[in-house]
Amino acid sequence: MTRRWQSTTFLVAIGVLGGFWIGSLPGVAFFVVLVVLAALVSPRAFPRSITDAEARAAQAADGRPIIYWRTGCPYCLRLRGSLARRAGRYHWVDIWSDPDGAATVRSIADGNETVPTVVTVSESFVNPSPQLVRNLN
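None of the values given here were measured: they were computed from a predicted structure. (Residues numbered from 1 in each chain as written. Predicted model: local features only at pLDDT ≥ 70, side-chain atom pairs only at ≥ 80, totals over all residues. Heavy atoms only, no water.)

## Considerations on helix α5 (residues 99–108)
If you check which residues of α5 are buried, you get Gly-101, Ala-102, Thr-104 and Val-105. Considered in projection along α5, the buried side chains sweep an arc of 160° and stay on one side of the axis. In α5, the exposed residues that point more than 90 degrees away from the buried face are Pro-99, Asp-100 and Ser-107. In this structure, the buried side of α5 is in contact with α3 (52–62), β1 (66–69), β2 (91–94) and β3 (117–119). Following α5 by one or two positions, Asp-110 has its phi on the positive side, about 55°. (Buried < 20%, exposed > 50% of the residue type's maximum accessible area, 1.4 Å probe, protein only. Helix = DSSP H or I, 4+ residues; strand = E, 2+ residues; numbered from the N terminus. Arc of directions from axis to C-beta. Contact = heavy atoms within 4.5 Å.)

## A word on the nonpolar core
Membership of the largest hydrophobic core comes to 22 residues, with the highest contact counts inside it found for Ile-67, Tyr-68, Leu-83, Trp-92, Ile-95, Val-115 and Val-133. Elements supplying a minimum of two residues to this core: β1, α4 (74–83), β2, α5 and β3. In terms of residues, this core owes the most to one element, β1, which gives four residues. With near-sequence residues (within four places) excluded, Leu-83 lies in contact with Ile-67, Tyr-90, Trp-92, Val-133 and Arg-134. (Core = buried A, V, L, I, M, F, W, Y, C linked by side-chain atoms within 4.5 Å.)

## Quick notes on unusual backbone geometry
Note that the residue after Val-115, namely Pro-116, is joined by a cis bond; omega there is 0°. Its place among the elements puts Pro-116 in the loop between α5 and β3. Although it is not a glycine, Asp-110 adopts a positive phi angle of roughly 55°. Secondary-structure assignment places Asp-110 in the loop between α5 and β3. Judged by relative accessible area, which is 75%, Asp-110 ranks as exposed.

Here is the structure:
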């Protein structure tokens, strides 16, 4: 669980230390920028994550794609941002909080934990373009 928040915590800590080090208005600006960035890469920026088993069961019921992601991944953040309000139409699995999800990604991505990995009923995509994912659903 703490691994999911490492990037966020690190960015906030750097923002606080840098803010004090720089001081005054530039320090406050530095702090605000890093806190906003921390919020963007935090697990809260993504729809509620479910387990791999839950995602597979839900996909079997509704046919919607599963997106495997992890906190701090810039490609996951780019995909999430491009989906905007459509993000809730997908099943999201955080591979850092679900070992079975990580194992699924490794089985698809030649032993690597490359995210985002998108799994549809019929095919899988490793680090697909946001446009491709939007066209899946």
